[in-house]
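Commentary on secondary and tertiary structure
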Amino acid sequence: MLNRLLRRTKSADTDRFAAFLAARGAYLAQKTVLDYCAVKLGVNWHNALHDPVFTTPLTACRWRTYLAAQGDVAAMAEAWLRPHAAEPARLVAPLAGLAAAAIRTAGVPDDLSREAEAAIAALAPRLSRLQLAAPRKVTELPMEAAPVLLETLPIHPNLRKGETPSILGALRMHLVSAEQDLERQFEPVPLAAALAALPP
């Protein structure tokens, strides 16, 4: 009975899917950044949130990581959908378009507008390149948010020696979780067909 209920509640609605991509891109970036910083700063975390010396680079880190993470979520969705698509190449434009729309409506600060447009411009080429090889498992998919996160974290590298595996492991874990939620919430075959049918 539970299996039948879960099957009935799965969706192929592209608007719901668009909202999912947008939410998971934001979650992937913010959850990883904020959780790490909170643990690292410990009892000083709440005080740091009122100090511009910390909050200014923290905000930049969150946004820059988000721009890359939105592409990572789109790449994960492409790999998940591709085996179920009649014409996989037709997934590229709609997935890139939905990720681009998420970025454009996210409220990216003006000083990062050029970076946002560069991230948007890179979406379709990235998805096209991924289609040159077999779909990768979510545990093996290259994550473009990883180097951005490490470069922009507002914790000096000297204070996080040996912690890179745990930082990137948390980032990967959130992408794996996103794919698991994707599987629970959406039907891949009709969703792939619905995406391919979207107007340019």
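This structure is a prediction, so every number in the text was calculated from the model and none was measured.

What follows is about helix α2 (residues 14-41). Counted at 1.5 Å a residue, the expected span for α2 with its 28 residues is 40 Å, and the 40 Å between its end C-alpha atoms agrees. Structurally, the start of α2 carries an N-cap: the backbone nitrogen of Asp 15 is 3.1 Å from a side-chain oxygen of Asp 13. Once α2 finishes, Gly 42 follows within two positions and takes phi at roughly 55°, a positive value.

Turning to the pattern of salt bridges, a few remarks are in order. A side chain of one charge can pair with a side chain of the opposite charge if their charged atoms are brought near each other. Per the stated rule, a full pass over the model turns up ten salt bridges. Note that Glu 87 is salt-bridged to Arg 90, the shortest N-O span being 3.4 Å. Here Arg 126 and Glu 144 are joined by a salt bridge, their closest N and O atoms 3.5 Å apart. Taken together, the residues Arg 126 in helix α6 (residues 113-130) and Glu 144 in the loop between α6 and α7 (145-152) connect sequence positions 18 residues apart. Here the salt bridges share partners, and the residues they tie into one network are Arg 24, Asp 181 and Arg 184.

Close contact between helix α5 (residues 92-104) and α6 brings their axes to 9 Å; oriented N to C, the two are set at 160°. As the angle between them shows, α5 and α6 are arranged roughly antiparallel. The interaxial crossing formed by α5 with α6 has right-handed handedness. Here Val 92, Leu 95, Ala 96, Ala 99, Ala 100, Ile 103 and Arg 104 of α5 lie close against α6, whose contacting residues are Ala 116, Glu 117, Ala 119, Ile 120, Leu 123, Ala 124, Leu 127 and Ser 128. Of the residues contributing to the contact of α5 with α6, the split by class is twelve nonpolar, one polar and two charged.

Before going further, it helps to examine the packing of aromatic side chains. What the rule picks out here adds up to four aromatic pairs. An angle of 85° between the planes, with centres 5.5 Å apart, marks the rings of Phe 17 and Phe 186 as edge-to-face. Within this pair, whereas Phe 17 is found in helix α2, its partner Phe 186 is found in the loop between α8 (164-185) and α9 (188-196), the two being separated by 169 residues in sequence. The exposure class assigned to Phe 186 is buried, which follows from its relative accessible area of 0%. Look at Phe 20 and Phe 186: their rings are 5.6 Å apart centre to centre, the planes differ by 75°, and that puts the pair in the edge-to-face class. Here Phe 20, found in helix α2, pairs with Phe 186, found in the loop between α8 and α9; they are 166 residues apart in sequence, far enough to count as distant. The same class applies to Phe 20 and to Phe 186, which are both buried. An aromatic cluster of at least three residues, connected via ring pairs, comprises Phe 17, Phe 20 and Phe 186.

Residue position: Thr 32 is located in helix α2. Among the residues examined, Thr 32 registers a relative accessible area of 4% and is labelled buried.

To continue, consider α7. When α7 is considered as a whole, its buried residues turn out to be Ala 145, Ala 146, Leu 149 and Thr 152. For α7, the angular spread of the buried residues around the axis is 155°, confining them to a single face. The secondary structure elements touched by the buried residues of α7 are α2, α4 (52-81) and α8.

What counts, and at which threshold
Residues numbered from 1 in each chain as written. Predicted model: local features only at pLDDT ≥ 70, side-chain atom pairs only at ≥ 80, totals over all residues. Heavy atoms only, no water. Helix = DSSP H or I, 4+ residues; strand = E, 2+ residues; numbered from the N terminus. Expected span 1.5 Å × (residues − 1). Polar contact = N/O pair within 3.5 Å; in protein donor to acceptor, adjacent residues only side chain to side chain. Salt bridge = Lys/Arg side-chain N within 4 Å of Asp/Glu carboxyl O. Axes fitted to C-alpha atoms, helices over the stretch in contact; angles between N-to-C directions. Parallel < 35°, antiparallel > 145°, perpendicular 65-115°, else oblique. Left-handed = near helix turned anticlockwise from the far one by under 90°. Contact = heavy atoms within 4.5 Å. Nonpolar A, V, L, I, M, F, W, Y, C, P; charged D, E, K, R; others polar. Phe/Tyr/Trp six-rings, centres within 6.5 Å; stacked < 30°, edge-to-face > 60°. Buried < 20%, exposed > 50% of the residue type's maximum accessible area, 1.4 Å probe, protein only. Arc of directions from axis to C-beta.

Keep in mind these values describe shape, not function.
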